[in-house]
Amino acid sequence: MALDLGSLLGNQNAPLVGLDISTSGVKLVELSQSGKNELRLERFATEYLPRGAVVDGNIENIEQVAEAVRKVWKKSGTRAKHVAMGLPPASVITKKIILPGGMVEEELEMHVETEASQYIPFALDEVSLDFDLIGPAPNSPEDVEVLLAATRKEKVEDRVAVAEAAGLIPKVMDIESYAARAAVERLTAQLPKGGQGQIVALMQIGSQVTHISVLMDGQAIYEREQAFGGNQLTQDIMRAYGLSQEEADAKKRSGDLPEGYERDLLEPFLDSTAMEITRAVQFFFTSTPYTRIDQIFLAGGCAAIPGLAEIVADRTKVATAVVSPFKGMQIGSNVREKQLRSEAPSLLVACGLAMRRFD
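Residues numbered from 1 in each chain as written. Predicted model: local features only at pLDDT ≥ 70, side-chain atom pairs only at ≥ 80, totals over all residues. Heavy atoms only, no water.

Caption draft 1: Fine view of the state of the cysteines. Within the structure shown, the criterion is met by zero disulfides. As a non-bridged cysteine, C302 has C351 as the owner of its nearest cysteine sulfur, 20 Å distant. Residue C302 is classed as buried on the basis of its relative accessible area of 10%. (Disulfide = S-S within 2.5 Å. Buried < 20%, exposed > 50% of the residue type's maximum accessible area, 1.4 Å probe, protein only.)

Caption draft 2: Just the sheet that holds strand β16 (residues 320-322), in detail. Spatially, β14-β13-β12-β15-β16 is the arrangement adopted by the five strands of the open sheet, whose pairing is mixed. Each edge of the sheet is formed by a strand with only one pairing partner; in this case those strands are β14 (219-226) and β16. The mean angle between the axes of side-by-side strands here comes to 20°, regardless of whether they run parallel or antiparallel. Relative to strand β13 (residues 210-216), strand β12 (residues 199-205) is paired through seven bridges, and the arrangement is antiparallel. Across the sheet, residue Q204 finds its bridge partner in β13, namely H211. In this fold helix α7 (residues 261-287) packs onto β12, β13, β14 and β15 (295-299), with an angle of close to 130° to the strand it touches most, β14. (Pairing = 2+ DSSP bridges. Helix = DSSP H or I, 4+ residues; strand = E, 2+ residues; numbered from the N terminus. Axes fitted to C-alpha atoms, helices over the stretch in contact; angles between N-to-C directions. Contact = heavy atoms within 4.5 Å.)

Caption draft 3: Representation of the environment of A166 within the structure. Along the chain, A166 turns up in the loop between α3 (153-165) and β11 (169-175). Each C-alpha atom of the pair A166 and K71 lies 8.9 Å from the other, and the pair is 95 residues apart in sequence. Those residues within four positions of A166 in sequence are excluded, and the remaining contacts are A66, V69 and R70.

Caption draft 4: Quick peek at empty space enclosed by the protein. The full count for this structure, using the stated rule, is one cavity of 30 Å³ or more. In terms of lining, the largest cavity is formed by M203, I205, T210, I212, Q226, F228, T273, E276, I277 and A280. In the lining of the largest cavity, the residues fall into six nonpolar, three polar and one charged. (1 Å grid on protein atoms, 1.4 Å probe; cavity = no way out; pocket = protein on both sides within 12 Å on 5 of 7 lines; lining within 4 Å. Points joined across faces, edges and corners; volume = space filled by probe spheres on them. Nonpolar A, V, L, I, M, F, W, Y, C, P; charged D, E, K, R; others polar.)

Caption draft 5: Region of interest: the packing of aromatic side chains. Enumeration over the complete set of coordinates arrives at four aromatic pairs. Between Y222 and F284 the ring centres are 5.2 Å apart and the planes differ by 65°, which places this aromatic pair in the edge-to-face class. Taken together, the residues Y222 in strand β14 and F284 in helix α7 connect sequence positions 62 residues apart. Here the two residues Y222 and F284 agree in accessibility, since each one is buried. (Phe/Tyr/Trp six-rings, centres within 6.5 Å; stacked < 30°, edge-to-face > 60°.)

Caption draft 6: Geometry of unusual backbone geometry. At D56, a position not held by glycine, the phi torsion is positive, near 50°. What makes D56 exposed here is its relative accessible area of 63%. Notably, K193 is not glycine yet its phi reads approximately 55°, a positive angle. Within the secondary structure, K193 sits in the loop between α4 (176-188) and β12.

Caption draft 7: Local environment of the pairing of strand β10 (residues 143-152). The buried count for β10 comes to eight of 10 residues, which makes it a mostly enclosed element. Judged from the nine bridges that link them, strand β8 (residues 92-100) and β10 form a sheet pairing that is antiparallel. The residue of β10 that forms the bridge with L99 is V144. One ladder, built from nine bridges, connects strand β9 (residues 127-136) with β10; its direction is antiparallel. Looking at the pairing, L129 lines up with A150 of β10. Between the end of β9 and the start of β10, which pair antiparallel, lie six residues.

Here's what the structure looks like:
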């Protein structure tokens with residue numbers, strides 16, 4: 001589902017890289033097709049962002065973010081200038097609507113705009129609006145079900161400005177949760193029976209927010225955000241060792257911390273992360289008609305911390321795995337596999353964005 005970027009939308013077959021901008025950093029992924037339905041990871045790179053450059057999904061400092069994008073592009077070694085980017089789910093209003101079937105595109109667009117004005121709390125000229133035809137409406141096959149998506153124009157314009165300042169050409173603007181879902185669908189298809197009928201919970205642990213999506217047969221049946229993330233561990237490190245935020249972040253990544261860190265800080269953090277995930281699972285059960293989850297996938301930088309998946313599986317009694325969005329893909333000669341193993345869980349959205357090349 002891509003939001004309309006007007007004249008920026010063009011030929012999708014040119015090399016297109018996924019560019020994910022989050023609170024903590026910028027990630028880039030380039031995929032290619034190596035055969036029928038076969039994908040190959042050609043390149044990836046990550047670059048951390050200064051604190052405050054992106055806050056709650058909003059780009060606060062275009063120059064700092066553009067500089068990080070320039071660095072990540074150069075580091076990756078790609079030559080592709082076309083990028084697919086994502087918007088945080090909280091900044092996009094989505095709504096499924098039913099419209100009469102048999103309309104040509106111009107008529108559909110007119111109807112969508114009329115419907116959109118009922119659901120969007122802004123003037124339409126302040127909004128980037130797009131829609132996606134899902135198919136025949138479930139209860140009236142002569143009508144069509146349409147997914148409507150709208151966001152404030154400035155949200156799109158800030159990301160376009162960042163890409164252009166870094167010398168890149170934005171071609172697709174997706175919703176981060178949809179990009180993550182596209183990447184997870186590949187993994188679900190590798191479960192027994194192709195994942196059919198399986199209820200899969202995706203927990204994306206960000207720096208400040210954990211995004212929860214529960215999926216069944218390719219559809220999201222539940223979505224929620226919980227105010228909890230890896231920044232909690234950074235704060236604990238700052239307090240315990242008297243470090244600045246930047247120093248704590250750097251030492252957390254390098255593991256260069258005093259003896260006793262694992263026992264005193266890391267283990268309690270893993271414990272509270274598992275408790276938050278268990279709480280999210282319980283909340284799903286109490287607020288939906290569903291009574292089971294078959295598989296939990298953990299994504300985000302924290303997901304790679306050794307032992308987390310085991311604690312979550314033990315607490316929730318649900319099979320739990322750390323996401324590797326590139327599982328089942330060929331790995332290109334430019335990819336350093338050891339680095340990929342530690343960074344793969346945080347590349348889920350960038351991978352889903354890169355997959356837009358093959359839509």
